[in-house]
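Chain residues, written in single-letter form:
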Amino acid sequence: MGEAGAGRKISSTPYLYLDTSGIYSSDFNAAVVQIVMKAGVVIRVALLALVVAVGSPARATEEFDVLTQPAVPSARATHSLIYALRKFGDRYFATGIQGHILYSDDGGETWNQAQVPVRSGILSIDFPTAEQGWAVGHEGVILHSSDGGKTWVKQYDGIQYAREGLAYYQELAAQEPDNELYPVLVEELRLANEQGADKPFFKVKCQNDQRCNAVGAYGISVVTFDGGQSWEHSMHRYENDNFNHMFDYAPLPTPGRYFIAGEAGLFLIADINQRAAHRTYSVPWEGSFFASAATADGAIVMGGLRGRMFRTADEGATWIVVDKPQTSAIVAAIRLSDGRLVAVSAAGEVLVSSDNGFTFSLVPIEYVGPLSSVAEGPSDTLLLGGLKGIHKVTLPR
Amino acid sequence: MASSQESDLPVISDLRDFDFHSGTFLERLVFNNRPTVVVLCVLVTLVLGYLATGIRLQAGFEKTLPKSHPYVLNYRANQTDLKGLGNNLRVVVAVGEGTIFTPENLEYIEQVNDAIFFMPGVDRNGMKSIWTPNTRWQTVTELGFEGGPVIPGDYNGSPESIAAVRTNIARAGIMGDLVGNDEKSAAIIVPLLDWDPETGARLDYAELSHKLEGIREQYAGDDLDRSIHIIGFAKLVGDLIDGLYVVMGFFAVAVIIATLLLYWYTRCLRSSLIVIGCSLLAVLWQLGLLAALGYELDPFSILVPFLIFAIGVSHGAQKLNGVLQDIGRGTHRYVAARYTFRRLFLAGVTALLSDGVGFAVLLLIQIQVIQDLAITASMGVLVLIFTNLILIPITLSYVGVGRKAAALASEPPKSQQEMHVFWRFLLLFTHRGPAAVAIVVSALMAAGGIYVSRNLQIGDLDPGAPELRADSRYNRDVAYNVEHYSVSTDVFAIIVRTPADGCIDYRGLTLANELEWRLLQLEGVEDVRGLNVRAREVMAGINEGYIKWQSLFRNQDTINYAVSELVPDFVNPACSLWPMQVYLADHKATTLNRVVEALEQFNADWPSQRVEFLGAAGSSGFEAATNIVVKQANRDMLYYVYGAVILLCMLTFRSITGVLCAVLPLMLTSVLCEALMVWLGIGVKVATLPVIALGVGIGVDYALYVLTVILAKERQGLDLTTAYYETLNFTGRVVALIGVTLAAGVVTWAASPIKFQADMGILLTFMFIWNMFGALILMPALATFLIKSPPANPAKD
């Protein structure tokens, strides 16, 4: 399916709905059908029958599927919904709908569109090295690039997740009949097999070019130890009994320790060496965490629903409420190279903190529509990603 | 055709000398029963005049659609489900200084909002503005949804409550929709009811439009700092109906111009008024017939009274000319009228029927308004036979003509040298040198015209509503909306049809996503809205508003829930039909073609049994269909009308060269008319189709008037110059009069507030005038080379 159009159907007329298409694969046959289309219906049907008889490999009628359709180069990509903006080294990445992965080497002035084999929405991207990168998104898609993000291959998707997960947990359930969680997970995955690829991964985080974690909706999570050649289910290793959505996966100051944040105040501390994550119940908040940033002094600032922000300096043991004006939900936060923190809201508000996240204030910035993401641009600029694409704005000092 | 035998009938000054049994049966029937004819005409006038008062004005668009195009058929088949998806008004209340966020300005918006709320015909529950309670902000909290109206219940105009309003507006996501992007205006969405629930009466667009103008006057009339901008189908129709009244006013101007022309020509007020009066009578009868047959006057068919009047005056002038000359020679007025009838009735009928042929070919175009135009115009021509060919001579037989005018008319013709310089100039073209020059110049013009007309565009080219002028109030309001809001008025609505309950099918919706994305890639496509887009937004909405959820999930439960939120605003209750609205930057044919081609390509690439993507509704969908049909019809029209005209000329002249002499000047005019359209930026559209048919159909009259006489004179043995000289004396002046009268009838249209009427007026004026010159210059020039002079001996035929 690498070539655009290889998976496409060759038409019968739109009005007759003779669904004879999908039978043909070669260009020759396509040409024949083109000629046939110009002839009358009767001749058309006859010739189609002939073509079939001559022996094209018949296959079942294929339906349009974002998982098999490659992303199409589009001048509109930079103006369309962007889910994530990140900077790795000198290269900026923007990911969005329709399988858009865009990269820029000039500080966000011009963007190139990467070759991506799917048209799913891409929600998160991570590059542990300059060359090796992973991107995840809707339909449970996991993509991999080994050329710095120019071309991508699909390593995993939601269908595989459901199929492999069911087998995996059935086996675990058989091994440990006393475990109460496994039968529940088996049931969940049975449902997932019925629905198809219906759950997104919201976040991918790689420790190195071999080991990455992906977490997502309803607590779905997988991990790879071999650069993505195989992905192992890790849902049972997380203390997430309600199957809450997991939106964020980020490192804590202590090496080897990470946190996972998500729906309903979910905040897990993960120790990657123990391969387990435990819930912190000290969070004074029952709403969702969407975003986080590490401060220069070693604390973590979390942002989420209703524009609420919290700060913890002791890996989640104690929290203070960040002093800030009322805004809509905080959906992304970053630390700038000068140590200031920037947070952006779903409604397009931009907040800055110059005191390591104790207080935030609104900065006057041109309204560019609802936002999803933010990255530090060159020389006092911010790149904002959101509903209307990528915007470069000046950040007042 | 005019007869050349003007001197064959004896001069009879005493009525007692006249043989009342002479003449044709029809002549005897009419003239020997004059009182009966007059009484009948009075009765018919009373009846049809009464009926004419009931004629309705109508400005809907259904009749302008090409009725057999698949797009229109698709629309009609799904009309009930598509209805109610758009008969909205958009009223934008704007302030000049500052923003709307002051107590005074917010109160001002509330006043306008309330005034509209109480207007009849408004679906009050559906109204939406920052002041209506259904415009709510909503936010998701850890406890669930939280929200309220954007203007809080405790709003009191204080800075705090205004700040709250501002925040709520941001949270409600209505910037660029209900609040202008520059915060200087607020929009009120006003859904309309087709039927008044109290009276059961149909919504009267003209009345509604006037009420809206009343509100505009009351709230923004003399305040330069405040303005109200109203757009929407209903307002457009209202403005068009108002435009029709303006055009009716032009009729008076056309009548005055025609009266002056006729008086200048005849110098007889009495008989001029008779001709004008009878022509007006024709219009009245025609309107009465229209009303009786259930036709309505629309911006197209209102052309017909103008044409009928102008044609009536032309033919009336012919009749008058004959009567004047006879009376001038001393014939009694009754006998003179009867002679004129005898001489010219058949010729007049032939000429009128040839006009009728021009109208009748319009019937072949599958667009209702054009067919209506064909029928009503043909009807008008029939009416003219009675009012102008019969009633004018009868009336003249009673009242006679002015003595001085009669004397003037019967003066012996001046010699060639004594003629006015203009006529002498025309005579030049019967000599080989000047004739060759005229032909070469015409050929160059034709070549230039063909070259220029290659750039002829299909469809409408100006922004805004193409029916109105670019600088009309309505289109300025459209421009304000486009500039300050994220809206477009050029919508191509793809009809998405599924089996019942099929609108929730993930596969269908994902195909819709694909089509949406393909369309978005096209130049000129600004946005695409529809069930699939809204469903994605709702997916995020029901998941705490988090933007990363904004995608079409393949989870059926989620889709079901999301779509259930969208019935019936975005999909019909049967969950089987919804419009995908493609917002375009303009309605140029190239833009529309791109959409049409993309849609066809998509359907070819991804045929599906789950969902059909059908063209098309929406203003741009109809325009696309119309363009396709009009482009084809434009060629067909030329074939038909020239086919008819050539046949007619063939029957009349019985010679190929005669046909060439008559038709080539017309073709030059047609070519130049297309070049003129390019030059004036007028595209080929429904309104220009009839222009070509009318221009050629009526234009051939000149050829018939001039060429028949020339040929007759030549057969009498005259050389071409003399033949043309005598022709000019006999019918030439009348041809000039007819050209100017016809042009005067339609030139006023150039000032019409309705854009396409102005276009029609300009083009028809051009064709009528240019055809006249073609008949007077190019035709004799062609005849110089094409028609062999007879042997020198003057033999009578």
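A short tour of the structure in this document, coming up. (Residues numbered from 1 in each chain as written. Chains lettered and ligands numbered in written order. Predicted model: local features only at pLDDT ≥ 70, side-chain atom pairs only at ≥ 80, totals over all residues.)

### Some thoughts on the overall build of chain B
Across its full length, chain B holds 25 helices and 9 strands. Considering only C-alpha atoms, chain B reaches an extent of 110 × 50 × 45 Å along its principal axes. A buried classification covers 52% of the 797 residues belonging to chain B. Residue pairs in contact within chain B that sit at least 24 positions apart in sequence constitute 79% of those at least 6 positions apart. (Helix = DSSP H or I, 4+ residues; strand = E, 2+ residues; numbered from the N terminus. Buried ≥ 20, exposed ≤ 12 C-beta atoms within 10 Å, placed from the backbone. Contact = placed C-beta atoms within 7 Å.)

### Some details on the pairing of strand β9 (residues 612-617) of chain B
Residues and elements named next belong to chain B. With respect to burial, β9 is a largely interior element, 6 of its 6 residues being buried. Relative to β9, strand β6 (residues 490-497) runs antiparallel, the two sharing 4 bridges. Bridge pairing links Arg497 to Glu612 in β9. (Pairing = 2+ DSSP bridges.)

### Looking at the interface of chain A and chain B
Taken residue by residue, the interface counts 38 residues in chain A and 31 residues in chain B. The residue inventory of the side of chain A that touches chain B, partitioned by class, reads 17 nonpolar, 13 polar and 8 charged. (Nonpolar A, V, L, I, M, F, W, Y, C, P; charged D, E, K, R; others polar.)

### Here's the deal with the environment of A:Ala313
Residue and element names in this part refer to chain A. Inspection of the secondary structure assignment puts Ala313 in the loop between β19 (309-312) and β20 (320-321). For the pair Ala313 and Gly298, spaced 15 residues apart in sequence, the C-alpha to C-alpha distance is 6.6 Å. Sequence-distant contacts of Ala313, defined by excluding residues within four places in its chain, comprise Gly298 and Ala299.

### A word on the nonpolar core
Among the nonpolar cores identified, the biggest contains 360 residues, and A:Val331, B:Ile494 and B:Val582 are the most heavily contacted of them. The element contributing the most residues to this core is helix α25 (residues 755-786) of chain B, with 19 residues. Leave out the neighbours within four places in its chain, and B:Ile494 touches B:Pro579, B:Met580, B:Val582, B:Leu599, B:Phe613, B:Leu614, B:Gly615 and B:Ala616. (Core = buried A, V, L, I, M, F, W, Y, C linked by C-beta atoms within 7 Å.)

### With respect to the packing of helix α22 (residues 656-680) of chain B against α25(B)
Helices that pack against each other are described as a pair by the angle of their axes relative to one another and the distance between those axes. All names here are of chain B. Across the interface, α22 lies against α25 with an axial gap of 8 Å and an inter-helix angle of 145°. In this structure, α22 meets α25 at a crossing whose hand is right-handed. Looking at the contact of α22 with α25, its residues break down into 23 nonpolar, 4 polar and no charged. (Axes fitted to C-alpha atoms, helices over the stretch in contact; angles between N-to-C directions. Left-handed = near helix turned anticlockwise from the far one by under 90°.)

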